[in-house]
Amino acid sequence: MLKQKLRVQLLNLIALASSLAALAALLNPDRVAIAMGVFLVGVNGYSQFFAMYVGVRAATAALALLAARQADQPVLGDITALFVLAQPAGRFVAAFAIGLPQGLLLVVCGIELAAGLLLLALRPR
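Residues numbered from 1 in each chain as written. Predicted model: local features only at pLDDT ≥ 70, side-chain atom pairs only at ≥ 80, totals over all residues. Heavy atoms only, no water.

Some words on the packing of aromatic side chains
Under the definition given, this model contains three aromatic pairs. With centroids separated by 5.9 Å and ring planes inclined at 80°, the aromatic side chains of Phe49 and Phe50 adopt a geometry described as edge-to-face. Owing to a relative accessible area of 3%, Phe49 belongs among the buried residues under this scheme. Given the relative accessible area of 28%, Phe50 is considered partly exposed. On the basis of an interplanar angle of 20° and a centroid distance of 4.6 Å, the ring pair of Phe49 and Tyr53 is categorised as stacked. On the criterion of helical spacing, the pair formed by Phe49 and Tyr53 is a turn pair, its members being four residues apart in helix 3 (residues 42-69). By the ring-pair criterion, three or more aromatic residues cluster together here, those being Phe49, Phe50 and Tyr53. (Phe/Tyr/Trp six-rings, centres within 6.5 Å; stacked < 30°, edge-to-face > 60°. Buried < 20%, exposed > 50% of the residue type's maximum accessible area, 1.4 Å probe, protein only. Helix = DSSP H or I, 4+ residues; strand = E, 2+ residues; numbered from the N terminus.)

What follows is the structure, encoded as structure tokens:
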């Protein structure tokens, strides 16, 4: 019971963080892009940025909220964990070619990794 309550709270926290990240990217894409080391060039650059930083983050937030509300269906939380863990997994692959992320992005990566793994660890049996 405690494990399920902690998982629901973590899912709600992931939903909040993801929605705030999407909102920040929506309201000030240039500033968020610079903080993440992304250079936005032309319509396609902005379109791709909005797809990833607004669309995927908003979808992750919605999925986390749905998983928190439907705690009796752990697969929704597992899918949320996969969405969260996809970010540090991609950065891990990139680390072989260009190195680990730096600064704020390294902190964000650590938080994503911890949140995703904790979500899986709190999975009901």
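Still more to cover.
A closer look at the nonpolar core
Residues Leu10, Leu11, Ile14, Ala64 and Leu119 are the most contacted members of the largest nonpolar core, which totals 14 residues. Of all the secondary structure elements, the ones that give two or more residues to this core are helix 1 (2-27), helix 3, helix 4 (74-98) and helix 5 (104-121). Membership of the second largest hydrophobic core comes to eight residues, among which are Ala33, Phe49, Val54 and Leu105. (Core = buried A, V, L, I, M, F, W, Y, C linked by side-chain atoms within 4.5 Å.)

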